[in-house]
Amino acid sequence: MFYNTFSFNYETFSNQQYLLVFFLPFLILALILALTAKQQYRRNLFPGLIFIALVLSAPIFTDYYSFSNEYFFNLTIIGLASYCIFLLNHNHFVDSIVACFLILFLIQLYLGLDQAFSGGDQQGLSIKGSMKNSGVYAFYLVSNLPVFYFKCLRFQNTKILGIKTYVTAICSWSIFISVFVAVCYVIVLTQSRTATVCLIGTSFYILGQKYANEIKTSFARISKTTFRALVMVNIFGLIGFCVWLFRLKKLSSFGRIMGFDITIQHIRENFWLGTGIGRFTWYYPQWQAGYFANHSKPDLIYFISASESYIIFNEYLQLFITVGFVGFTLCGYGLVCFFRLKTQKNSDLLIAIKGTVVAILISGFTSYPLHVNIMMMMVGTYIALAFSFDIKHTENKIQQPIYYKNAVILICIVFSCCAFRKGYFIYCASIKWSSLRNSFGAKNLVEYKRIHPLLKNDGKFLIEYGNQLISDSSNIFDAIATLEKAKKILITRQGIEALTNAYRTAKKYELAIINQRFLINYLPNRFQPKYDLLQLYALNRDTVHLFELGNNILSMPVKIPSHSVAKIKQNTIKMLKQHQ
């Protein structure tokens, strides 16, 4: 979960999702044990069985929703694991699972503090624990605080080895305050705005849930004038706080606004059912490229903010685009059911779990927690735990016929075996692919061709296979066909550059220019893609577009000054003089 931080990675060398195939037998075995160990079934078992059948049949019978669909497969494994936790429903497991998450949290906090004290020129950016991003790391820490607070609260009333309870209370509060201060210190260093908002929002939620009666009593005692004054002060304070957060990292803020603006323009497309899970990352590069292609003079701040993006920093809009109105409504209904859950035995833990989910949901407005594996695992696990000890569910169990029980087990066994068999062979092919990476030659091509049928739906594999074929001029048209297929599955800068190179090698300059134009529209502030297009215009003897683009390069604002940018401008001047 920490080694492979994100559920979608655009780098071709990142394909760790295939390793998750080995979780299938264990998850299904746990599911079968849960079903066979209970004499009574929950009333909501049938929807769960439909879920299991669908997610396991997808990689067996479809090409797109397969093991190669990184986001879909990560989501599938996390969903299956969460459902197994829901079925097991044993108090011993609850404590163990919560303890595991908190141990991981404390380890990550230690790693982050160690990185903080190590220093460096970019201290804030280097603080990320074993995760790959400092902002993600910061709001991950915040999301663990509610459950950690619950554990400390429970510990303060515990009598250990005859020690008086007030001593344990002092110890537990000291530990919590120390950890809370450490997390705040990390937030300050990383300057994570999302983590800051999460911390404030989650604190208000926990205090509101835990001390609701006391808060109501306090407000009832104050006059209406005082209450209105407090409301006005809070409103102005909130506005000032939002402005401060926006200006803290102004360029990043405008980048988020740009992604939201571009995406919202396509909300009517696939409105009801969405683009499909894992498909948003294919659509967005085209939408961003289309935006800058249709706006010859875009806002300067949008122009500078554009980057190689595949997701937007708003999970709710992205979720709506992905699953459509129908799926979004179902997700909303599920959250409503979750927040309406009640229990007597685990009431404090339930509040803490809801607090954790609230923190992750808050971060979803300005970041991408549902594309971080550990965050998705926390959401799935905690929601499963909450439903497993909810009053309505624990009190309502019904006996099912024996044939229903046998049918469930048979379905699980058949689908798990088929999915694991197919996934295992694909995993073996991915291991072979990794061993062939970064080396070229005739032997490599033979091995690539051998594993191609198993990895034909993996866009990353097809990009690397296409690059291998380009190295052999006799296979250039096979390379073009392979990279064109990759483009239908995954659109990345690396893939477009490889396809442009293939067309250039085949001397099909017009087609190379079309692909390179897409790239400069997708990444309008990058100098290298524009210079590459300038060279293609020169090869195609298109002097009109050459001079137009050359002047554009020379007048283009520089986002980050560097030696390479200066060199590109010098070479552009030379090229323009040569073609005068």
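Residues numbered from 1 in each chain as written. Predicted model: local features only at pLDDT ≥ 70, side-chain atom pairs only at ≥ 80, totals over all residues. Heavy atoms only, no water.

1. Remarks on the overall build of the protein chain
For the protein chain, the count of helices and strands is 26 helices and 2 strands. Computed over the C-alpha atoms, the radius of gyration of the protein chain is 27 Å, within 12% of the 25 Å expected from 2.2 N^0.38 for a compact globule of 580 residues. Along the first, second and third principal axes, the C-alpha atoms of the protein chain reach 90 × 65 × 45 Å. Counting every position in the protein chain, which comprises 580 residues, the buried fraction comes to 47%. The long-range fraction of contacts in the protein chain, counting pairs at least 24 apart against all pairs at least 6 apart in sequence, stands at 74%. (Helix = DSSP H or I, 4+ residues; strand = E, 2+ residues; numbered from the N terminus. Rg over C-alpha atoms; globule rule 2.2 N^0.38 Å. Buried < 20%, exposed > 50% of the residue type's maximum accessible area, 1.4 Å probe, protein only. Contact = heavy atoms within 4.5 Å.)

2. Thoughts on the pattern of salt bridges
Counted by the stated rule, this structure contains 6 salt bridges. Close ionic contact of Arg493 with Glu497 constitutes a salt bridge, the shortest N to O distance being 2.9 Å. Of this pair, Arg493 and Glu497 both sit in helix α22 (residues 493-505), 4 residues apart, which is roughly one turn of the helix. (Salt bridge = Lys/Arg side-chain N within 4 Å of Asp/Glu carboxyl O.)

3. Looking at helix α26 (residues 563-578)
Compared with the 22 Å implied by 1.5 Å per residue over 16 residues, the 23 Å span of α26 between its first and last C-alpha is a close match. Considered for burial, the residues of α26 that qualify are Val565, Ile568, Thr572, Met575 and Leu576. Considered in projection along α26, the buried side chains sweep an arc of 95° and stay on one side of the axis. Across α26 from its buried face, at more than 90 degrees, point the exposed residues His563, Lys574, Lys577 and Gln578. If you follow the buried residues of α26, they end up packed against α24 (527-539) and α25 (543-555). (Expected span 1.5 Å × (residues − 1). Arc of directions from axis to C-beta.)

4. Points about a nonpolar patch on the surface
On the surface, Leu207, Tyr211, Ile215, Phe219, Phe227, Leu230, Val231, Met232, Ile235, Phe236, Ile239 and Val243 cluster together to form a nonpolar patch covering roughly 1000 Å² of accessible area. The exposure class of Phe219 is partly exposed, given its relative accessible area of 43%. (Patch = residues over 30% accessible without salt bridge, like charges linked within 9 Å, V, L, I, M, F, W, Y side chains within 5 Å. Areas by Shrake-Rupley, 256 points an atom, 1.4 Å probe, with all protein chains shown as cover.)

5. A look at the packing of α25 against α26
Where α25 contacts α26, the two axes come as close as 10 Å, and the packing angle between them is 150°. When the axes of α25 and α26 are compared, the pair comes out roughly antiparallel. Note on packing geometry: the crossing formed by α25 with α26 is left-handed. Within the contact between the two elements, α25 uses Leu546, Phe547, Gly550, Asn551, Ile553 and Leu554 and α26 uses Ile568, Lys569, Thr572, Ile573, Met575 and Leu576. Each residue belonging to the contact of α25 with α26 can be placed in one class, and the counts come to 8 nonpolar, 3 polar and 1 charged. (Axes fitted to C-alpha atoms, helices over the stretch in contact; angles between N-to-C directions. Parallel < 35°, antiparallel > 145°, perpendicular 65-115°, else oblique. Left-handed = near helix turned anticlockwise from the far one by under 90°. Nonpolar A, V, L, I, M, F, W, Y, C, P; charged D, E, K, R; others polar.)

6. Regarding helix α20 (residues 459-470)
Between its first and last C-alpha, α20 extends 16 Å over 12 residues, near the 16 Å set by a 1.5 Å rise per residue. Most of α20 sits out of view: 11 of its 12 residues are buried.

7. Quick look at the side chain of Thr572
Among the structural elements, Thr572 can be located in helix α26. In this structure, Thr572 is in contact with Tyr531, Leu534, Gly550, Ile553 and Leu554, ignoring residues within four places of it in sequence.

8. A look at unusual backbone geometry
Trans is the prevailing form of peptide bonds, just as negative phi is the prevailing case for residues other than glycine. The phi angle at Gln191 is positive, at roughly 55°, despite the residue not being glycine. With respect to the helices and strands, the residue Gln191 is situated in the loop between α7 (165-190) and α8 (193-210). Although it is not a glycine, Arg541 sits at a positive phi angle of roughly 55°. Note on placement: Arg541 falls in the loop between α24 and α25.

9. Details of the nonpolar core
Soluble globular proteins tend to bury their nonpolar side chains together. By size, the foremost hydrophobic cluster in this structure holds 142 residues, and its most contacted members are Val183 and Leu385. The element best represented in this core is helix α6 (residues 134-155), accounting for 14 residues. The contact partners of Leu385, leaving out residues within four places of it in the chain, are Ile85, Val94, Ile97, Val98 and Ile353. One finds Ile262, Tyr284, Phe292 and Ile312 within the second-largest nonpolar core, a separate group that totals 12 residues. (Core = buried A, V, L, I, M, F, W, Y, C linked by side-chain atoms within 4.5 Å.)

10. Structural notes on the packing of aromatic side chains
For the coordinates displayed, the defined rule picks out 42 aromatic pairs. Between Phe6 and Tyr368, the ring centres sit 5.9 Å apart and the planes meet at 55°, which makes this aromatic pair tilted. Of the two residues, Phe6 is situated in the segment before α1 (23-37) and Tyr368 in the loop between α15 (347-363) and α16 (373-388); the sequence distance between them amounts to 362 residues. Measuring from centroid to centroid gives 5.6 Å for Tyr448 and Tyr465, while their planes differ by 5°, and the two rings are stacked. Of this pair, Tyr448 sits in helix α19 (residues 442-451) while Tyr465 sits in helix α20, and the two are 17 residues apart along the sequence. An aromatic cluster is built from Phe105, Phe148, Tyr149, Trp173, Phe176 and Phe180, whose rings are joined through pairwise contacts. One cation-aromatic arrangement involves Arg279 over Trp282; the distance from NZ or CZ to the ring centre is 4.0 Å. (Phe/Tyr/Trp six-rings, centres within 6.5 Å; stacked < 30°, edge-to-face > 60°. Lys NZ or Arg CZ within 6 Å of the ring centre and 35° of its normal.)

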